Amino acid sequence: MPVLCRRPGPARLHTAARPTTGRVLLCIAALWAGAAIAADGTTRMQAVADGYEHDAFFAVDFAGDRGLAVGDHGAIHETLDGGERWQAVADVPTTVALLGVAVSARGDIAVGQAGTILSRPAGGPWTAAESGTTERLFAVSRNARGQAVAVGAFGVTLLSADAGASWRAAMPQWDRYVDPGVQPHLYAAHVGDDGTVTVAGEFGLILRSDDDGKSWRSLHRGEASVFGLDLRADGVGYAVGQSGIALRTDDGGEQWTAVDSGTGAHLFAVDSSPQGRVLATGMRELVVGQAQAGRWRLVPSADDAWYADVALPADGDTAVAVGQSGRIIRIGR
């Protein structure tokens, strides 16, 4: 049973830039009801920051020890030490909820409500980009060359070749993969170092484009939606989603094999390290096991909060999860 070790007086981060009355409701917010899942062994959770009751972080990402967490009302918080200490970023040019973030040594991108896209070069200010859509954008990914993909509601798929400064639509032709007239929500995305784009979402869809969005091919389809996607440079990857679905790939995403997650709870995000540590956020539960052996053990959540995203900093050992009430926790062994 993991122990929630709250640091005496964890930093309180107020994520709201304005009163929280009239908060926008996210189409998947009802599913987010909290836990972290770990696939590696004994786990310790430590709260390093808390906000207020109606605050929330929805996404976190790292490049080395530098990370960003984004959330309600345009909140962006930054860490430079692997997630131990966090500081609010000033002069963010939006007050809408930010739902996805991509961090790179060369610059960062955040996406959110109403088609909002923000980007900044390394060490530079945040600026808003024209997305060409008013749909919610749930996820974003970028590589070191500045190629990026953002995805969202009703199948919206956007590509950038200039680190998020400008975007173009690259939506798949959906009637090839789902019933005519259906435009499935996309919840996860990844762009590889070679520019290969992978997106995932409703109906268990995982699609890939090898030609800058000109064409797409299906890698997986099922009944349960995919909410989280992790693809590593060594070819290992994971996808997680509705009703505890968990998939693993060993060939960069070309083929996917079901993994027993040990839970029927919805899983929202996943991250892993070459050292074998795998974690995924879920609902009021913690799964602990051995990733290589495919065995994940279910453990009740220590704090009964929801965590919308999880990421591993440089050491690949102590993960960071973000979620309810602006809470940020570190998950160690």
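Check the entry above for the structure.
Note that the structure is predicted; figures quoted are calculated from it, not measured.

Some words on the overall build of the protein
Now for step 1: Counting its secondary structure elements, the protein contains 0 helices and 30 strands.
Now for step 2: A burial count over the protein gives 61% of its 333 residues as buried.
Now for step 3: Nonlocal contacts in the protein, meaning residues at least 24 apart in sequence, comprise 53% of its contacts between residues at least 6 apart.
Now for step 4: Put simply, the protein shows about 13,100 Å² of open surface, and 48% of that area lies on carbon and sulfur atoms.

Here we look at the nonpolar core
Now for step 1: Ranked by internal contacts, the top residues of the largest apolar core, which has 16 residues, are Val149, Val151, Trp174, Val197, Val199 and Leu207.
Now for step 2: Secondary-structure elements contributing two or more residues to this core are β13 (148-152), β16 (186-191) and β17 (197-201).
Now for step 3: When residues in this core are grouped by element, the largest group, 3 residues, is from β16.

Quick word on the pairing of strand β18 (residues 206-209)
Now for step 1: Alternating positions in β18 separate into two faces, Ile206 and Arg208 on one and Leu207 and Ser209 on the other, with burial throughout.
Now for step 2: Taking the residues between adjacent antiparallel strands as the criterion, β17 and β18 are bridged by 4 residues, where Phe203 takes a positive phi near 60 degrees.
Now for step 3: Bridge analysis of β18 against strand β19 (residues 217-220) gives 3 bridges, and the strand direction is antiparallel. Bridge pairing in β19 links Leu207 to Ser218.

A look at the sheet that holds β13
Now for step 1: Spatially, the 4 strands line up as an open sheet ordered β12-β13-β14-β15, and their pairing is antiparallel. Each of the sheet's edge strands pairs with one partner strand only, and the pair in question is β12 (137-142) and β15 (168-169).
Now for step 2: As paired strands, β13 and strand β14 (residues 157-160) are joined by 4 bridges and run antiparallel to one another. Across the sheet, residue Val149 finds its bridge partner in β14, namely Leu159.

Structural notes on the pattern of salt bridges
Now for step 1: If you walk through the whole model with that rule in mind, you get 12 salt bridges.
Now for step 2: A salt bridge links Arg120 to Glu78, with the nearest nitrogen and oxygen atoms 3.2 Å apart. Taken together, the positions of Arg120 in strand β10 (residues 117-121) and Glu78 in strand β6 (residues 76-79) put the pair 42 residues apart, joining distant regions of the chain.
Now for step 3: Asp212 is paired through a salt bridge with Arg168; the nearest N and O atoms lie 2.8 Å apart. One end of the pair, Asp212, is in the loop between β18 and β19; the other, Arg168, is in strand β15, with 44 residues separating them in the sequence.
Now for step 4: Overall, the relative accessible area of 39% leaves Asp212 in the partly exposed class.
Now for step 5: Members of the salt-bridge network, linked through shared partners, are Arg66, Glu78, Asp108 and Arg120.

Quick notes on the environment of Glu78
Now for step 1: In sequence terms Glu78 and Val60 are 18 residues apart; their C-alpha atoms lie 9.6 Å from each other.
Now for step 2: Beyond its immediate sequence surroundings of up to four residues, Glu78 is in contact with Arg66, Gly67, Leu68, Arg85, Trp86, Gln87, Val89 and Arg120.
Now for step 3: One polar contact links Glu78 to Arg120, side chain to side chain, over a distance of 3.2 Å.

Considerations on unusual backbone geometry
Now for step 1: If you check the backbone angles, Asp212 has positive phi at about 60 degrees while not being a glycine.
Now for step 2: A positive phi angle, close to 55 degrees, is found at Ser243, a residue other than glycine.
Now for step 3: Of note, Ser243 is situated in the loop between β21 (237-241) and β22 (246-249).

Let's talk about the packing of aromatic side chains
Now for step 1: Counted by the stated rule, this structure contains 6 aromatic pairs.
Now for step 2: Aromatic pair Phe58 and Trp306: ring centres 6.2 Å apart, planes at 10 degrees, arrangement stacked. Of this pair, Phe58 sits in strand β4 (residues 57-63) while Trp306 sits in the loop between β27 (295-300) and β28 (307-311); the two residues are 248 residues apart in sequence, bridging distant segments of the chain. Trp306 shares its class with Phe58; the two are buried.
Now for step 3: Judged by centre distance (6.2 Å) and plane angle (40 degrees), the rings of Phe227 and Phe268 are tilted. Separated by 41 residues along the polypeptide, Phe227 in strand β20 (residues 226-231) and Phe268 in the loop between β23 (257-258) and β24 (269-272) bring together distant segments of the chain.

Here we look at the side chain of Thr133
Now for step 1: Tracing the sequence through the fold places Thr133 in the loop between β11 (127-129) and β12.
Now for step 2: Among the polar contacts made by the side chain of Thr133, one reaches the main-chain amide nitrogen of Glu135 at a distance of 3.1 Å.
Now for step 3: Sequence-distant contacts of Thr133, that is, excluding residues within four places in its chain, are made with Ala114, Gly115, Val156 and Leu158.

A short note on the environment of Phe138
Now for step 1: Looking at where Phe138 falls in the secondary structure, it is placed in strand β12.
Now for step 2: Accessibility expressed as a relative area gives 8% for Phe138, which makes it buried.
Now for step 3: C-alpha of Phe138 to C-alpha of Gly112: the two residues are 26 residues apart in sequence and 6.2 Å apart in space.

Description of the pairing of β21
Now for step 1: Counting buried positions along β21 yields 5 of 5 residues, so the element is predominantly enclosed.
Now for step 2: The side-chain alternation of β21 yields two buried faces, one formed by Gly237, Ala239 and Gly241 and the other by Tyr238 and Val240.
Now for step 3: Across 5 bridges, the pairing between β20 and β21 is antiparallel. Across the sheet, residue Leu229 finds its bridge partner in β21, namely Ala239.
Now for step 4: Between β20 and β21, which pair antiparallel and follow one another directly, the connecting turn spans 5 residues, one of which, Gly235, has a positive phi of 95 degrees.
Now for step 5: Pairing analysis gives 4 bridges linking β21 to β22, with the strands arranged antiparallel. Among the inter-strand pairings, Ala239 is bridged to a residue of β22, identified as Leu247.
Now for step 6: Hairpin remark: β21 followed by β22, antiparallel, with 4 residues in the connecting loop; positive phi at Ser243, about 55 degrees.

Each value, and the rule that gives it
Residues numbered from 1 in each chain as written. Predicted model: local features only at pLDDT ≥ 70, side-chain atom pairs only at ≥ 80, totals over all residues. Heavy atoms only, no water. Helix = DSSP H or I, 4+ residues; strand = E, 2+ residues; numbered from the N terminus. Buried < 20%, exposed > 50% of the residue type's maximum accessible area, 1.4 Å probe, protein only. Contact = heavy atoms within 4.5 Å. Areas by Shrake-Rupley, 256 points an atom, 1.4 Å probe, with all protein chains shown as cover. Core = buried A, V, L, I, M, F, W, Y, C linked by side-chain atoms within 4.5 Å. Pairing = 2+ DSSP bridges. Salt bridge = Lys/Arg side-chain N within 4 Å of Asp/Glu carboxyl O. Polar contact = N/O pair within 3.5 Å; in protein donor to acceptor, adjacent residues only side chain to side chain. Phe/Tyr/Trp six-rings, centres within 6.5 Å; stacked < 30°, edge-to-face > 60°.

On their own, these measurements won't tell you what the molecule is for.
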